[in-house]
Amino acid sequence: MDHSGIADRRRLRRKLTFWRIVAFVVVIAGIAGLVMSGAPSDPIGGKTTAHVARVTISGVITDDSELIERLDTIRKNERARALIIRLQSPGGTSYGGEALYKAVQAVAADKPVVAEVRSLAASAAYMVACGGDYIVAGDTSIVGSIGVIFQYAQVSDLLESDSKLTLTVPSVL
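Residues numbered from 1 in each chain as written. Predicted model: local features only at pLDDT ≥ 70, side-chain atom pairs only at ≥ 80, totals over all residues. Heavy atoms only, no water.

*Asks:* Can you help me understand unusual backbone geometry in this one?
*Replies:* Glycine aside, a negative phi is what most residues show, and trans is what most peptide bonds show. Backbone geometry at S123 places phi at a positive 55°, although glycine is not the residue there. Within the fold, S123 resides in the loop between strand 3 (113-122) and helix 4 (124-130). Owing to a relative accessible area of 27%, S123 belongs among the partly exposed residues under this scheme. (Helix = DSSP H or I, 4+ residues; strand = E, 2+ residues; numbered from the N terminus. Buried < 20%, exposed > 50% of the residue type's maximum accessible area, 1.4 Å probe, protein only.)

*Asks:* Looking at this model, I keep getting lost on the nonpolar core. Mind explaining?
*Replies:* Buried together is how nonpolar side chains tend to be arranged in soluble globular proteins. Counting 24 residues, the largest nonpolar core has I57, L71, L83 and L87 as its most contacted members. Within the residue set of this core, elements represented by two or more residues are strand 1 (51-58), helix 2 (65-76), strand 2 (80-89), helix 3 (94-110), strand 3 and helix 4. Take this core: its biggest share by element is 5 residues, from helix 3. When residues no more than four places from it in sequence are discounted, the contact partners of L71 are V55, L83, L100, A103, V104 and V107. (Core = buried A, V, L, I, M, F, W, Y, C linked by side-chain atoms within 4.5 Å. Contact = heavy atoms within 4.5 Å.)

*Asks:* Just to check I follow, could you spell out the side chain of S89 for this structure?
*Replies:* Checked against the element boundaries, S89 lands in strand 2. You can call S89 buried: its relative accessible area is 0%. Setting aside residues no more than four positions away along its own chain, S89 makes contact with I57, G59, V60, I61, L120, A121, A122 and A125.

*Asks:* What should I look at first to understand helix 2 in this one?
*Replies:* For the α-helix, the turn length of 3.6 residues means that residues three or four positions removed from each other point alike. End to end, helix 2 covers 16 Å across 12 residues, agreeing with the expected 16 Å (1.5 Å per residue, within 8%). Those residues of helix 2 that fall on the buried side of the exposure criterion are L67, L71 and I74. Axial view of helix 2: buried residues confined to an arc of 60°, hence all on one face. Turned more than 90 degrees from where helix 2 packs its buried face, E66, E69 and K76 sit exposed. Residues of helix 2 that are buried in the fold lie against strand 1, strand 2 and helix 3. (Expected span 1.5 Å × (residues − 1). Arc of directions from axis to C-beta.)

Next up, the structure:
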């Protein structure tokens, strides 16, 4: 083969490689376009289909505004058909439990809510579970309200006076 034949072959190979790359880029762009336009938009920002949302609440329950916002987003999301709340908590603050209870009640007004108790849902966690439609617990799960009230005797006045020592403890409600 002479020099001009070799040069022609190289030119043809370059043109063929160029068109192969162009075809590959066009195919990838087409696939990306189909993926982007294929599923309806979700208010959270992703592309989803109908689903059951799941939220896990574990540890001590406090005033958690992020979790309340997440529950509100699930309530407003028309693609979320139901909610499962997975509870594993010994309880927490009364205000945090009440805020979550009200958020769960708001979701339950629009869609089915099931509270799933793993091994423990006491005090505020039990209150959150009661906000849903159903509570599902295992045979050995501990579910209930403890209702602890901390009391202590105030004896500072007694220590300052010289009177007789009498101690009265208020009764528990």
